[in-house]
Amino acid sequence: MTKFSLASIAAVSLAMAGCQGTISGPGNSGPGGSNPPGGTGTNTGGTGNPITPGGSVGITNSKPGDPNAAGLMPLTRLNRREYNNTIRDLFGDASNPADGFPDDHDGDFLFRRAGIVTSQDASTLRDAAEAVAANAVKNNFATLVTCDTSAANEQACIRGFVQSFGVRVYRRPIAAAEVDGLMTLYQSGRAAPLMLPVTGAVSLILEAMLQSPEFLYHWELGPNPPTMEGNVVKLGPYENAARLSYFLWGSMPDQALFDAAAMGKLSSELDLETQAKRMLMDPKARATVSEFVQEWLSLEQVPDRPKDMAVYPEFNDDLKAAMTDEANAFVSNVVFDGDGMFKTLLTANYSFVSKPAAAVYGLTGATSTTAARADLDPKQRSGILTQLGFLTLTGATDGSDPVKRGHKVYERFLCGVLPPPPANVPPPKPASAGGTTRDRYKEHDSNSCATGCHSIMDPIGFAFENYDGIGRYRTTDNNLPVDATGSVELDGAKKTFNDAIGLTQLLANSQNARDCFATQWARFALKRADTDADLASLQSATAAFAKNGNVVRDLLVGLAGARSFRYRGLAAGEVTQ
């Protein structure tokens, strides 16, 4: 379709109406007359639930949360992964059009979340919609429109298509006024001056749908007022269907979810938990768990991590890919093929290794570029924190980096929050100054302006001194013996360890670490930081997690049934009538 088609103009106007967090319904300020939660569309979700040194995450050990409360549901767009997956499942189109979209990182939020639409975003979304629509009618028209489009039946056929396909695009029943608007667009395409064929006019409909706020935003309420239950809003079955599918699959609902929503069987905690168990058996759930780990530990940044090629000449594209493949294969195996336990993620002495990674591990016999299971030395390796991806990401350009490694563990495994570093902290001495990395950092940490935060991070990060900048195991550093002893505040007490093996064992058995892991998954699922209103939901999900020995799949099912997943709080100034 031409860039100046009626659908492009109309649909971009629709999309821009949602740019500031307001999706217009008929005669109202939001769907069904409700201002969308989050108000301005800035995706605020409240503050997190940080720990302090020596403290606890406070999910299971704090006072009970309010069982009638629920946190806000910020208005968010489909992120790049969700857009690609949705286009794939709608049209069978695996072209990944969102790969060219702007980055998804929204502010300081850890997980990927699409922010406010800019003018450039609107143009990009328009171009993607036009390309997808053109491909759909060119390659799959007979599959999309299965009714008789001859002159006598054309209008009824296309109206029926809009009604049925609209449910899938908008992820809820399409209103009569919405059908009429799309049919008017179709008829304009067929009439003079455009005089488009049926396929071209259908392409206009698809372009408009794909640029509409109803498709682009996570907001499946439709033209109905919110259902109040006490002081919170109970999400409807279609909202729950979409929330489940984008949480566990990163894509639109399948037919089973649409059918359950249509029959009103997606409202109770049991309803959502039953569907979640089914959905976790689908391969799409494996991709989601891998995506969570990539985002949680920032492993997607490994390919861009700078290394001194004079020190690490083997750090090429093949090795970078091997590191990413290793983490994905390992996590998928533990969660779906193994015992599924959080402890195993942190303590397993096996991984999935291909030829490039085998050389760094010191393994022989690997000949394939495909990752295969391999046993690792239990005195050297223990779970995901001692795998090459994490160690490369947190290593320095030419060696280890106890600050980066300790900070990452503190932030991602203990939900700790550190203040921004002061501007006057001098860097540690370079390796050329002599001594071990630990010696140089200990000297650096004695500086008064570095004491506060570094006294938290560095004792954790010293655990990884047996690993160089790309994760190769070592016993000496600068020709001096490595000292990997350290300490960490866990469960209200200071715990000491001899090396990374000891640290991972402590984390695997720590309530703080398990609570933080549950919190990170909740943030991923809810697309926002946790607040006090989520405490009861976090506690219920953590209880489900602990029931069978902290199995990750049980945690995901527990989150799907949690109150903050099925309800939302009212945004400031929200109108519900």
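## What about the overall build of the protein?
Helix and strand counts for the protein come out as 23 helices and nine strands. Across the protein, the fraction of contacts at a sequence separation of at least 24, relative to all contacts at a separation of at least 6, is 72%.

## Considerations on the packing of helix 8 (residues 237-248) against helix 9 (residues 255-262)
Contact geometry of helix 8 with helix 9 gives a least axis separation of 8 Å together with a crossing angle of 155 degrees. One finds that helix 8 runs roughly antiparallel with respect to helix 9. Taken as a pair, helix 8 and helix 9 cross one another with a handedness that is right-handed. Residues Pro 237, Tyr 238, Ala 241, Leu 244 and Ser 245 of helix 8 form the contact with helix 9, whose participating residues are Leu 257, Phe 258, Ala 261 and Ala 262. Looking at side-chain class alone, the contact of helix 8 with helix 9 contains eight nonpolar, one polar and no charged residues.

## Overview of the pattern of salt bridges
Summed over all chains, the structure comprises 26 salt bridges. With a shortest N-O distance of 3.8 Å, Arg 112 and Glu 300 are connected by a salt bridge. Taken as a pair, Arg 112 in the loop between helix 2 (80-91) and helix 3 (119-144) and Glu 300 in the loop between helix 11 (283-296) and helix 12 (317-337) lie far apart in primary sequence, 188 residues in all. Judged by relative accessible area, Arg 112 falls into the buried class, the value being 16%. Given a relative accessible area of 22%, Glu 300 falls into the partly exposed group. Notably, a salt bridge pairs Glu 314 with Arg 472, separated by 2.3 Å at the nearest N-O pair. Of this pair, Glu 314 sits in the loop between helix 11 and helix 12 while Arg 472 is found in the loop between helix 18 (451-461) and strand 5 (476-477), placing the two residues 158 residues apart along the sequence. Salt bridges sharing common partners tie together Arg 112, Glu 291, Glu 295 and Glu 300.

## Things to note about the state of the cysteines
One way to say it: the disulfide is the covalent bond shared by the sulfur atoms of two cysteines. Taken as a whole, this structure holds two disulfides when the rule is applied. One disulfide bridge connects Cys 147 with Cys 157, the sulfur atoms lying 1.8 Å from each other. Handedness of the Cys 147-Cys 157 disulfide follows from its S-S torsion of about 75 degrees: it is right-handed. Within this pair, whereas Cys 147 is found in the loop between helix 3 and helix 4 (154-170), its partner Cys 157 is found in helix 4, the two being separated by ten residues in sequence. Residue classification places Cys 147 among the partly exposed positions, given a relative accessible area of 34%. There is a disulfide in this structure between Cys 415 and Cys 516, and the S-S distance comes to 2.2 Å. Judged by the torsion about the S-S bond (95 degrees), the Cys 415/Cys 516 disulfide is right-handed. Of this pair, Cys 415 sits in the loop between helix 16 (402-412) and helix 17 (437-445) while Cys 516 sits in helix 20 (residues 511-526), and the two are 101 residues apart along the sequence. This pair shows no difference in class: Cys 415 is buried, exactly as Cys 516 is. Disulfides within the protein link the bonded cysteines, taken in sequence order, as 1-2, 3-4.

## Looking at the confidence of the model for the protein
With 85% of its residues at a pLDDT of 70 or more, the protein shows a mean pLDDT of 87. In the model, residues 1-57 has pLDDT below 50 throughout and makes 154 contacts with residues more than four positions away in sequence or in other chains.

## Describing the pairing of strand 3 (residues 350-353)
Neither face of strand 3 is open: one carries Tyr 350 and Phe 352, the other Ser 351 and Val 353, and all of them are buried. Bridging between strand 3 and strand 4 (residues 372-375) involves four bridges; their strand directions are antiparallel. Directly across from Phe 352, in strand 4, lies its bridge partner Arg 373.

## A short note on the packing of aromatic side chains
Summed over all chains, the structure comprises 23 aromatic pairs. Aromatic pair Phe 91 and Phe 165: ring centres 5.6 Å apart, planes at 50 degrees, arrangement tilted. With Phe 91 in helix 2 and Phe 165 in helix 4, this residue pair connects regions lying 74 residues apart in the sequence. Given a relative accessible area of 7%, Phe 91 falls into the buried group. By relative accessible area, Phe 165 is classed as buried at 6%.

## Comments concerning the sheet that holds strand 9 (residues 567-569)
A sheet is described by the order of its strands in space; here three strands give the open sequence 1-2-9, paired in antiparallel fashion. At either end of the open sheet lies a strand with only one pairing partner, and these are strand 1 (227-229) and strand 9. Pairwise comparison of adjacent strand axes, ignoring direction, gives a mean angle of 40 degrees for this sheet. Alignment of strand 2 (residues 232-234) against strand 9, held across three bridges, turns out to be antiparallel. Paired with Val 233 across the bridge in strand 9 is Arg 568.

## Comments concerning the pairing of strand 7 (residues 486-490)
In terms of burial, strand 7 is largely enclosed, as four of its five residues are buried. Once strand 7 ends, the chain turns through two residues before running back antiparallel as strand 8 (residues 493-497), passing Asp 491 with a positive phi of about 55 degrees.

What counts and how
- Residues numbered from 1 in each chain as written.
- Predicted model: local features only at pLDDT ≥ 70, side-chain atom pairs only at ≥ 80, totals over all residues.
- Heavy atoms only, no water.
- Helix = DSSP H or I, 4+ residues; strand = E, 2+ residues; numbered from the N terminus.
- Contact = heavy atoms within 4.5 Å.
- Axes fitted to C-alpha atoms, helices over the stretch in contact; angles between N-to-C directions.
- Parallel < 35°, antiparallel > 145°, perpendicular 65-115°, else oblique.
- Left-handed = near helix turned anticlockwise from the far one by under 90°.
- Nonpolar A, V, L, I, M, F, W, Y, C, P; charged D, E, K, R; others polar.
- Salt bridge = Lys/Arg side-chain N within 4 Å of Asp/Glu carboxyl O.
- Buried < 20%, exposed > 50% of the residue type's maximum accessible area, 1.4 Å probe, protein only.
- Disulfide = S-S within 2.5 Å.
- pLDDT = per-residue confidence, 0-100.
- Pairing = 2+ DSSP bridges.
- Phe/Tyr/Trp six-rings, centres within 6.5 Å; stacked < 30°, edge-to-face > 60°.

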